[in-house]
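Chain and residue survey
The primary structure of each chain is shown beneath.
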2 protein chains.
Amino acid sequence: MAATIKDVAKLAGVAVSTVSYALNNSPKISEETRRKVFRAAKELNFRPSGAARNLKKRKTQTIGLFLYDLGGPFYSQVIEGVQEVVASHGFNLVVCSTYGGENSSAHRFMLEQFVDGAIIMGSSISDSLILQVASESFPIVVLDRELKGEYVHNVLITYEQGAYDAVSHLIKLGRRNIEFLSGPLTSFDNSLRYNGYKRALEDNGLPVPKKISLFGRCLEVGGYQAAKVMLAGSQLPDAIFAANDEMAIGSIRAMSEIGVRVPEDIAVVGFDNINIGPYVNPPLTTIGHSKYELGAIATQLVFSAQRDGSSILLPTQLVVRSSCGYKDVF
Amino acid sequence: MAATIKDVAKLAGVAVSTVSYALNNSPKISEETRRKVFRAAKELNFRPSGAARNLKKRKTQTIGLFLYDLGGPFYSQVIEGVQEVVASHGFNLVVCSTYGGENSSAHRFMLEQFVDGAIIMGSSISDSLILQVASESFPIVVLDRELKGEYVHNVLITYEQGAYDAVSHLIKLGRRNIEFLSGPLTSFDNSLRYNGYKRALEDNGLPVPKKISLFGRCLEVGGYQAAKVMLAGSQLPDAIFAANDEMAIGSIRAMSEIGVRVPEDIAVVGFDNINIGPYVNPPLTTIGHSKYELGAIATQLVFSAQRDGSSILLPTQLVVRSSCGYKDVF
DNA sequence: CTGAAAGCGCTAACAT
DNA sequence: ATGTTAGCGCTTTCAG
């Protein structure tokens, strides 16, 4: 049985309240008593119970970051941004998966108020749940959807514009037959990217293909498979705009396997500017945005404790490498 | 003020214990009462307090995964392995950074028994802390060091052998002057890799360079910088064995910048087989090990609840791509 | 400066 | 099948 504050009090010959004060460095306690208490605590190998403290204080001093999939090249940088500012506030950060729906750790943590605030990315926590639990004592910021409510903030990225820029770039380079490698249709991000794609085509008087290629989640294999079937078609596009870099990379792999040259035969633009980008062959032209900043700003919003939900928009920028052709650099 | 179980009891016109039983689906409760309770709970927007439950039950049903840096291509797969088996036990998973030493979330969580078990990777949680807190009710598994104690388990990878294999591969391919791109000297993993390197050289009657290249943590830039200075030296090696893939990739970047050809002039082997490996140019020959399995097995060990610390050793294998030359494939 | 005591919200005997 | 009640370990008035 682990020692409690009571045991420490007994050993030190003081009251429990004194122990509590001493351990929390309250100025009320004399140096001598404090030392006695610390000695006793060490001797008993005392470790305070976080659960008891949380219960009493009705706070946990921790922020939750809830993501669908904890791996993923995209997330790692936003995690860093979050981590940094959470730590600077002296809070703890837990990152949990939303995988598993109702039974996911993230769900339980939200419901059971294990955290004092949350940053949510990915759609597997429902709007209604978020609105239900958000409150002054539990601010929430969502990263990839528009959701209005008290104590819920949004930080968004100009994905639509980014997609528009990507496709415009392709068009400027002379590509005319540009196909979209899509992520899940239910994804807000994905639809934004599709919209930008469509608008760029229309603004340039190009027809919008009704067919879009789609293979499950935005993973490398998804891009690979989608490209495989695209390549098996009768008429090849001269460019691909992928909903994200991983899919773009997958598509490049599929093409190189059958000898289609990138960018000579087919140009490729990705989205997100993940770390691998510069290393693939050819180095990937893509749309970048600051993932670190996304995390950091979101976290600041959590701490801002504003009742009125704000909505922050972060820019994207085209990052030119060579997967669209050497005219890329101009 | 959020509703408590007491409020629910009052509204439903039953005792608090009845509410508790009902909400926890105890069979003791009649269907009718259960429904009444659920209705009341819903009406009050009742959410149970995890803190109170944890305090009462002295368990949290959550496992902590403590890593130094939550991003990193290496970790993502081990996280997946952990996530999966934690979920299959119906537990929650929190992943926290050990960054910040004593004040890191990970530290606090260990100390304040926020989790029922921990998986620790990276050395910033001290051996003594681990031994201090490990117990029947708090099993710990460490992933990258040997540490014996009750309720502490190790899962290790045959890094030494992997390094041996990597360097032997290089030697078989005719390379004689092989340099080691080292990670932090304090790192257990790194020293294992160095030992394997050294042993392979010795077994083949090759001299062991006293110089090793070293630039901070095992990151891409570290490899880049280390390679830069190496390349500035008078006598170039004909091969590089990097302590991990990221450094290997960084070194390749440094070389391609000044026109040193890989593998013609200098062959490169990495370590860890991270996801990017196949995409860099040239595709990286490396030493692989199953990171998913590492996480999954570690987690099973947490749940095994054995008093005697066990130590599991996972194998590595050479994965041949083309950064060591086309004779690679044989 | 220190001690006594009242809970925080829940669970689980135990009693009915 | 349901109610009463005693804590879990801590913080924090309030008294001294």
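From a predicted model like this one, the values you see are computed outputs, not experimental measurements.

Let's shift gears to the overall build of chain A. Looking only at helices and strands, one finds twelve helices and twelve strands in chain A. Computed over the C-alpha atoms, the radius of gyration of chain A is 26 Å, more than 25% above the 20 Å expected from 2.2 N^0.38 for a compact globule of 330 residues. Dimensions of chain A along its principal axes, counting C-alpha atoms only, are 85 × 40 × 35 Å. In chain A, which comprises 330 residues, the proportion classed as buried is 54%. Of the side-chain charges in chain A, 33 are positive and 32 negative, and the distance between the mean point of each set is 8 Å.

This next bit is on the sheet that holds strand E8 (residues 239-242) of chain A. Residues and elements named next belong to chain A. Taken in spatial order, the four strands line up as E7-E6-E8-E9 in an open sheet, and their pairing is parallel. Each edge of the open sheet carries a strand with a single partner, namely strand E7 (213-214) and strand E9 (267-269). Pairing geometry for strand E6 (residues 178-182) and E8, over four bridges, is parallel. Across the sheet, the residue bridging to Ile178 is Ala239, located in E8. Contacting E6, E8 and E9, helix H8 (residues 159-172) runs over the sheet at an angle of about 170 degrees to E8.

Our next topic: the packing of helix H10 (residues 220-232) of chain A against helix H11 (residues 245-257) of chain A. Residue and element names in this part refer to chain A. In the contact formed by H10 and H11, the axes pass within 6 Å of each other and the chain directions differ by 45 degrees. Classed by the angle they form, the pair H10 and H11 counts as oblique. As H10 runs across H11, the sense of the crossing is right-handed. Residue-level contacts link Glu220, Val221, Gly223, Tyr224, Ala227, Lys228 and Leu231 of H10 to Glu246, Met247, Ile249, Gly250, Ser251, Arg253, Ala254, Met255 and Glu257 of H11.

Conventions adopted
Residues numbered from 1 in each chain as written. Chains lettered and ligands numbered in written order. Predicted model: local features only at pLDDT ≥ 70, side-chain atom pairs only at ≥ 80, totals over all residues. Heavy atoms only, no water. Helix = DSSP H or I, 4+ residues; strand = E, 2+ residues; numbered from the N terminus. Rg over C-alpha atoms; globule rule 2.2 N^0.38 Å. Buried < 20%, exposed > 50% of the residue type's maximum accessible area, 1.4 Å probe, protein only. Lys, Arg positive; Asp, Glu negative; His and termini not counted. Charge placed at Lys NZ, Arg CZ, Asp CG, Glu CD. Pairing = 2+ DSSP bridges. Contact = heavy atoms within 4.5 Å. Axes fitted to C-alpha atoms, helices over the stretch in contact; angles between N-to-C directions. Parallel < 35°, antiparallel > 145°, perpendicular 65-115°, else oblique. Left-handed = near helix turned anticlockwise from the far one by under 90°.

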